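Spelled out from the first residue to the last, the chains are:
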Amino acid sequence: MIARMSKVELVGPKGLLQDVISLMQELGIFQIEPLVEGYIEKGYEDNVRSFLLDEKAMSERLFLEDLVLKLETLFSFIPKIPVRKSYINPLAILESIAKTLERHISVCREMSERRDTLLKEKAELDRYSLLLGALAKLLENADETPSLDFIGLTIKEPGMVPQVRELLSRITDWKYEFLAEPSEDGTVVGLITIEKEMSEKVKRSLSDERIPELTFPPSFAALSFPQKTAYIGKRIAEVSAEVEGIGRDMERFAARWSPIYQRVKEWADDRLSVLRTTASVFETRMCFFVTGWMPSEGVEGLGKKIADAFAGKVALEEKEIYEEDLERVPIVLKNPAYFKPFELLVKFLPLPRYTSMDPTPFIGIFFPVFFGMILGDAGYGILLVLLAVFLKKRFRGRKEFRQAAQILLISSLYAIFFGLLYGEFFGDLPHRFFGLKPLCVERREAVLPMLYFALAVGVVHVLLGFFLGFLSALKKKTKKEALFKLLNILVILCILGAVASLFEPFTRLLTRPLIIAILILTPFLFFTGGILAPLELLKSIGNIVSYARIMAIGLTSVLLAFVANNLAGMMGDVVLGIIVGGLLHAVNIVLGVFAPAIHSLRLHYVEFFSKFLEQGGRKFEPLRKEQ
């Protein structure tokens, strides 16, 4: 449900403002309203202005903003490792921290820049190592003599090798040797062996043809190819060792100083939050006043805490919520423990308005039922229950994962329940091995009954949505909208009754009266819902028909399980049959989780919520300490 909210005003002497805001931040239950329009009584607007910080508070704010910026700079250099929590009082060491911080930033920046430089050098050395590794294979077949020169090439496209051979043949009159070898990074490394007097001419021609020569840093110039390979290996080892050393130094620094600096940053963030919040506070000549929102159940307790903390110098008053305030009221969803996890599914949509309804209880009731109706296999349900229990324990500290696991657990229990009704345990294994029959219905042989059942569920779900929309309209006192919702319910019931009267065992005597009722009610749809009202009615009927997906997707699942069992039985080997059947059942389980979940959500988001849910609410964001 949507928690009842109260508009609250705090008034007190200007000197107590920051203490009041600090208390609100500590409690974490009060959201300040930054808009003054509509909250100041008429005739008093000229005497009210935004609260202005004094010179001391402004200096403190600038100092802390600069400190936080420097701390963020420092944290960008040091590694993020698990560290102990510091409980040091930042105020006692603030001046020392401000002086030490500059030096630490400089040291960490130098280490970070040195590490980046080394990593860049190592990347280049690794590339040269790859190229020389390819060249080493070619040099094994090349005779090193003083009259010969070697030219290395990097060829990005293997298709260019014939072009290089043709160029060399034309320039040297076939007096060359050219070997090519693919390197590990996908490029082709070539080695040209040629007489030294022709070397420059060949290099110029290759350059004119945009075929790059394999170049090395100047420090490699006096080294032979074997010496280059040895030098690169040695240098890579040196660079790697230095990078590891810098990493260890930075980790030691982080382990020693991160807890202190993190504690200082948390304190500074909280203090800045208080100072910045004053921009949303207003003042008169002698006092301040803060207007905001909080859950109604906490107003009385907050009043007592303020009275105790400030000895009656600060007053709390609960203000009347006017109609124009309803658009600003922040939303807090408050549900019992069973429904609480399903708020995760509601978060995929914009928050409901304060005047609307919380859809969480309805999705908490119907989503697991739809999931179970579609999956409907006790064996699959048991495996999913075990998976849900494992996920809850594995991700105990992560709220979203824990909620998702709880939803899966509840939905899987419904899958077991419907599996018992359908007589399905990994498909038709109960019937195949023990001759057991379903308690209720065999889905593979009862397509039409399952279709009628799915459509009946759709009728109930859609009409419930219209009824909730009717109640919501009455709550907002929009009688025309309420009448439109009620007329939709009546017309849909009449249409369903008229269709049902055409089949046994219903009597045809009802057909004519129901058609007459539809004709009488239809004009009223125009008056209450506008010219597009009949189209909305047809859309609602289409929404009901779309619930046939419950039958269709469930039938697909049971047929795939049936095929898995048949294929396993046809293998002629127990082990092979178990493997084949197990793989197909595994695929079916994966599909059986995602398909029912996605389509069940669609039936809620599109077919159900559209009948009553008004979206666009503001999230409740109380003033609280940084986490």
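Keep in mind the model is a prediction, meaning the values are calculated, not measured.

Procedures and definitions
Residues numbered from 1 in each chain as written. Predicted model: local features only at pLDDT ≥ 70, side-chain atom pairs only at ≥ 80, totals over all residues. Heavy atoms only, no water. Helix = DSSP H or I, 4+ residues; strand = E, 2+ residues; numbered from the N terminus. Buried < 20%, exposed > 50% of the residue type's maximum accessible area, 1.4 Å probe, protein only. Contact = heavy atoms within 4.5 Å. Salt bridge = Lys/Arg side-chain N within 4 Å of Asp/Glu carboxyl O. 1 Å grid on protein atoms, 1.4 Å probe; cavity = no way out; pocket = protein on both sides within 12 Å on 5 of 7 lines; lining within 4 Å. Points joined across faces, edges and corners; volume = space filled by probe spheres on them. Nonpolar A, V, L, I, M, F, W, Y, C, P; charged D, E, K, R; others polar. Axes fitted to C-alpha atoms, helices over the stretch in contact; angles between N-to-C directions. Parallel < 35°, antiparallel > 145°, perpendicular 65-115°, else oblique. Phe/Tyr/Trp six-rings, centres within 6.5 Å; stacked < 30°, edge-to-face > 60°. Expected span 1.5 Å × (residues − 1). Arc of directions from axis to C-beta. Left-handed = near helix turned anticlockwise from the far one by under 90°. pLDDT = per-residue confidence, 0-100. Core = buried A, V, L, I, M, F, W, Y, C linked by side-chain atoms within 4.5 Å. Patch = residues over 30% accessible without salt bridge, like charges linked within 9 Å, V, L, I, M, F, W, Y side chains within 5 Å. Areas by Shrake-Rupley, 256 points an atom, 1.4 Å probe, with all protein chains shown as cover. Lys, Arg positive; Asp, Glu negative; His and termini not counted. Charge placed at Lys NZ, Arg CZ, Asp CG, Glu CD. Pairing = 2+ DSSP bridges.

### Some details on the overall build of the protein
Within the protein one finds 18 helices and 11 strands. Counting over 627 residues, the protein shows a buried share of 44%. At a minimum sequence separation of 6, the contacts of the protein that also span at least 24 residues come to 82%.

### Thoughts on the environment of Tyr 452
For Tyr 452, the location among the structural elements is in helix H13 (residues 447-476). With 95 residues separating them in the primary sequence, Tyr 452 and Tyr 547 have C-alpha atoms 9.9 Å apart.

### What to know about the pattern of salt bridges
Taken as a whole and assessed by the stated rule, the structure comprises 20 salt bridges. Here Lys 476 makes a salt bridge to Glu 614, at a shortest N to O gap of 2.6 Å. Highlighted residues: Lys 476 in helix H13 and Glu 614 in the loop between helix H18 (574-608) and strand E11 (618-619), separated in sequence by 138 residues. Lys 476 sits in the partly exposed class, given a relative accessible area of 25%. Through salt bridges with shared partners, a single ionic network connects Asp 66, Lys 70 and Glu 102.

### A closer look at the layout of surface pockets
Looking at the largest pocket, its volume works out to about 620 Å³. If you go around the largest pocket, you meet 23 residues; those closest to its centre are Ile 331, Val 332, Leu 333, Lys 619 and Phe 620. Split into classes, the residues belonging to the lining of the largest pocket amount to 13 nonpolar, one polar and nine charged.

### Quick look at the packing of helix H15 (residues 511-529) against helix H16 (residues 533-545)
At a minimum axis separation of 8 Å, H15 and H16 run at an interaxial angle of 110°. With respect to H16, the axis of H15 lies roughly perpendicular. Between H15, through Leu 525, Phe 526 and Gly 529, and H16, the contact on the second element is made entirely by Ala 533, Pro 534 and Leu 537. In the contact of H15 with H16, the residues fall into five nonpolar, one polar and no charged.

### Notes on the packing of aromatic side chains
Going through the model one piece at a time under the given rule, you end up with 21 aromatic pairs. Relative to Phe 339, the ring of Tyr 338 has its centre 5.0 Å away and its plane inclined at 85°; by these criteria the two rings are edge-to-face. For Tyr 338, a relative accessible area of 37% gives the class partly exposed. The class of Phe 339 is buried, set by a relative accessible area of 17%. Geometrically, the ring pair formed by Tyr 380 and Phe 426 is edge-to-face, given 5.5 Å between the ring centres and 80° between the ring planes.

### Brief notes about helix H9 (residues 360-375)
In a regular helix each residue adds 1.5 Å, so 16 residues correspond to 22 Å; H9 covers 22 Å between its end C-alpha atoms and thus fits that length. Summarising burial for H9: 13 of the 16 residues are buried, a large majority. Among the residues trailing H9, Gly 376 stands out with phi positive, at a value near 50°.

### With respect to helix H7 (residues 299-310)
Over its 12 residues, H7 runs 16 Å from end to end, which matches the ideal 16 Å to within 8%, given 1.5 Å per residue. Those residues of H7 that fall on the buried side of the exposure criterion are Val 299, Leu 302, Ile 306 and Phe 310. Down the axis, H7 shows its buried residues gathered within 60° of arc, on one side only. Summarising the geometry of H7, the exposed residues directed more than 90 degrees from the buried face are Glu 300, Lys 304 and Asp 308. Buried residues along H7 sit in contact with strand E1 (5-13), helix H1 (17-27), strand E8 (287-295) and strand E9 (315-319). The positive-phi residue at the C-terminal boundary of H7 is Ala 311, with phi of around 50°.

### Re the packing of H9 against helix H11 (residues 399-422)
Between H9 and H11, the shortest axis-to-axis distance is 7 Å and the interhelical angle comes to 45°. Comparing the axis directions of H9 and H11 gives the class oblique. Read as a crossing pair, H9 and H11 show a hand that is right-handed. Of the residues in H11, those in contact with Phe 367, Pro 368, Val 369, Phe 371, Gly 372, Met 373 and Leu 375 of H9 are Ile 407, Ile 410, Ser 411, Tyr 414, Ala 415, Phe 418 and Tyr 422. Of the residues that constitute the contact of H9 with H11, the class distribution is 12 nonpolar, two polar and no charged.

### A few points about the confidence of the model for the protein
Chain-level statistics for the protein give a pLDDT mean of 82 and a share of 88% at 70 or above. Per-element mean pLDDT across the protein ranges from 55 in strand E3 (residues 49-50) up to 93 in H9. For the stretch residues 42-46, pLDDT sits under 50, and the model shows one contact to residues farther than four places along the chain or on other chains.

### Describing the nonpolar core
In terms of nonpolar packing, the biggest core is built from 77 residues, with Ile 363, Phe 367, Phe 370, Ile 550 and Phe 612 touching the most fellow members. Among residues more than four places away in sequence, those in contact with Phe 612 are Ser 356, Met 357, Phe 362, Gly 465, Leu 468, Gly 469 and Ser 472. With 35 residues, the next largest nonpolar core counts Phe 75, Val 243, Trp 267 and Leu 272 among its residues.

### Here we look at unusual backbone geometry
One non-glycine residue, Ala 311, lies in the positive phi region at around 50°. A relative accessible area of 64% places Ala 311 in the exposed class. Residue Phe 426 is not a glycine yet carries a positive backbone phi of 50°. Structurally, the position occupied by Phe 426 is in the loop between H11 and helix H12 (429-434).

### Examining the environment of Lys 122
One can find Lys 122 in helix H3 (residues 90-139). In the structure, Lys 122 is positioned 121 residues away from Val 243 in sequence and 9.6 Å away in space, judged by C-alpha atoms. With residues up to four places along the chain from it excluded, the contact list for Lys 122 reads Ile 236, Val 239 and Ser 240.

### Focus: a positive patch on the surface
The grouping of Lys 347, Lys 399, Arg 402, Lys 619 and Arg 624 at the surface amounts to a positive patch. Within the fold, Arg 624 resides in the segment after E11. The class of Arg 624 is partly exposed, set by a relative accessible area of 42%.

### Quick look at the pairing of E8
A large share of E8 lies buried, amounting to eight of its nine residues. Relative to E8, E1 runs antiparallel, the two sharing nine bridges. Each bridged residue has a counterpart across the sheet, and for Leu 10 the counterpart in E8 is Val 290. As defined by bridge partners, strand E2 (residues 31-32) adjoins E8 across two bridges and the pair is classed as antiparallel. Looking at the pairing, Gln 31 lines up with Trp 293 of E8. Inspection of the sheet shows strand E7 (residues 282-283) paired to E8 by two bridges, in the antiparallel sense.

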